[in-house]
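# Notes for the structure review
Listed here are the chains, written in short residue letters.
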Amino acid sequence: MKTFVLAAALFAAGTLAASAQQLAPSPTLDAIKARGHIECGVHLGLPGFSFANDKGEWTGLDVDYCRALAAAVLGDATKVKYTPTSVQQRWPILQSGQVDVLSRNSTITFSRNATLGLNFQGINFYEGQTFIVRKKANVKSAEDLDGASVCVAAGSTEEKNAADWFRERNLKVTITNFQKNDDAITAYDSGRCDAYTAGVGALAGQRAKLKVPDDHTILTKPISNDPQGPVTRYGDERWQLIVRWVLNGTIAAEMLGVTSKNVDEMKANSKNTEVRRLLGAEGGFGAMMGLPEDWMYKAIKQVGNYGESFERTVGMGSALKLERGQNQLWTKGGLLFTPPFQ
């Protein structure tokens, strides 16, 4: 009997401790609410992912995530300030607290997670590194680049991937790095390199910047798998929870058939328990994070689900016209999935 009582007391204490941890305040969330907007680090300018037009209006897959986060946290997808970051600047800017979250094409790696004081909060794009080459060079695969020169951004995952890949196959290439992706693609366009390497999504956007885009082709076979997603600093678990589950929510919405067009009807009439939890009709999931119960309803209503965002920013409805491929839902042959809202 004493053993049972002790066990029950320990369980109750553990439950209270878990509740206290769950309700711990978030300095980041408090700062966001006080200033009235989210500080989001993005790419310097990558069409389809994060790109500002002449009016300073930002669009792209990564930008859409920032907007969804703002809608969930502040109720308004426009409450975002974008900070363009280079490959070299992105980590210090996040580490210093200048931005609340980094949403730019940055590959998730072990060493970055273990040594930079950063946490990756999920995958919003399955990237694969490949090369853009001139059509007249008749290069069909990366193996055909033996003896060639390759332009790449310094300090990028692609720089190390390319060096490792060619060395492991005893192929010799000259890798020339540049401080910015734009500098690297400009150097390639001017003839300083035989190829330029980056992720296939990035290459699709950057090819549009070339003098004659149709003179160049992107090799279809990737040399790596480079998953990318939003990044936060170590600590402030409440904020990390929010960043992670807003991303999960956009993916779950597509999985469950919830769109920006039908979200009102789904919230009012759906009998699916997971849909109702997602949209705040039941479950109290918002309160668990210190957000309104309609946090994901607002994100989906104002920005859309993952599939809607993909289609208009990088998919067939965009200038990039990328197929979903690995970024399709796992139920449709892709890799995209989310844990359940339970």
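Summary of the structure given here. (Residues numbered from 1 in each chain as written. Predicted model: local features only at pLDDT ≥ 70, side-chain atom pairs only at ≥ 80, totals over all residues. Heavy atoms only, no water.)

Our next topic: unusual backbone geometry. Of note, the phi angle at Asn 138 is positive, near 55°, even though the residue is not glycine. Inspection of the secondary structure assignment puts Asn 138 in the loop between β8 (129-134) and β9 (149-153). Residue Asn 138 is classed as exposed on the basis of its relative accessible area of 51%. The phi dihedral of Asn 170 is positive, around 55°, even though this residue is not glycine. Here Asn 170 is to be found in the loop between α6 (157-168) and β10 (174-178). (Helix = DSSP H or I, 4+ residues; strand = E, 2+ residues; numbered from the N terminus. Buried < 20%, exposed > 50% of the residue type's maximum accessible area, 1.4 Å probe, protein only.)

In this fold, Ile 300 is placed in helix α13 (residues 295-303). For Ile 300, a relative accessible area of 0% gives the class buried. In this structure, the C-alpha to C-alpha distance between Ile 300 and Lys 332, residues 32 residues apart in sequence, is 21 Å. Those residues in contact with Ile 300, other than ones at most four positions away along the chain, are Ala 253, Val 258, Thr 259, Ser 260, Val 263, Leu 278, Leu 279 and Asn 305. (Contact = heavy atoms within 4.5 Å.)

A few words on the pattern of salt bridges. Per the stated rule, a full pass over the model turns up 11 salt bridges. Notably, a salt bridge pairs Asp 100 with Arg 35, separated by 2.7 Å at the nearest N-O pair. Residue Asp 100 is located in the loop between α4 (90-95) and β5 (101-102), and its partner Arg 35 is located in helix α2 (residues 27-35); the two are separated by 65 residues in the primary sequence. Judged by its relative accessible area of 3%, Asp 100 falls in the buried class. Between Arg 276 and Glu 282 there is a salt bridge whose closest N-O contact spans 2.9 Å. Of the residues examined, Glu 282 reaches a relative accessible area of 32% and is grouped as partly exposed. Salt bridges linked by common partners bring Asp 64, Arg 67 and Arg 312 together as one network. (Salt bridge = Lys/Arg side-chain N within 4 Å of Asp/Glu carboxyl O.)

Our next topic: the sheet that holds β10. Pairing within the open sheet is mixed, and its five strands lie in the order β10-β9-β11-β8-β12. On the outer flanks of this sheet lie β10 and β12 (216-218), each paired with one strand and no other. For this sheet, the mean inter-axis angle between neighbouring strands, taken without regard to orientation, is 30°. The pairing of β8 with strand β11 (residues 195-199) spans five bridges and is antiparallel. Within the sheet, the bridge partner assigned to Phe 131 lies in β11 and is Thr 197. The sheet strands contacting helix α7 (residues 181-189) are β8, β9, β10, β11 and β12, and the helix crosses β9 at an angle near 160°. Docked against the sheet, helix α8 (residues 200-207) engages β8, β11 and β12, running at close to 125° with respect to β11. (Pairing = 2+ DSSP bridges. Axes fitted to C-alpha atoms, helices over the stretch in contact; angles between N-to-C directions.)

This part is about the packing of helix α3 (residues 61-74) against α13. If you want to describe how two helices pack, look at the angle between their axes and the distance between the axes. Close contact between α3 and α13 brings their axes to 7 Å; oriented N to C, the two are set at 140°. Taken together, the axis directions place α3 and α13 in an arrangement best described as oblique. Considering how the two elements wind past one another, α3 and α13 form a crossing that is right-handed. Facing α3, whose interface residues are Asp 64, Arg 67, Ala 68, Ala 71 and Ala 72, α13 presents Trp 295, Lys 298, Ala 299, Gln 302 and Val 303. Of the residues in the contact of α3 with α13, the class split is six nonpolar, one polar and three charged. (Parallel < 35°, antiparallel > 145°, perpendicular 65-115°, else oblique. Left-handed = near helix turned anticlockwise from the far one by under 90°. Nonpolar A, V, L, I, M, F, W, Y, C, P; charged D, E, K, R; others polar.)

Applying the stated criterion to the full structure yields 10 aromatic pairs. Ring geometry for Phe 285 and Phe 341: centres 6.4 Å apart, planes at 20°, overall stacked. Residue Phe 285 is located in helix α12 (residues 285-289), and its partner Phe 341 is located in the segment after α14 (306-313); the two are separated by 56 residues in the primary sequence. On the basis of relative accessible area, Phe 285 is assigned to the buried category, the value being 12%. We classify Phe 341 as buried; its relative accessible area is 2%. (Phe/Tyr/Trp six-rings, centres within 6.5 Å; stacked < 30°, edge-to-face > 60°.)

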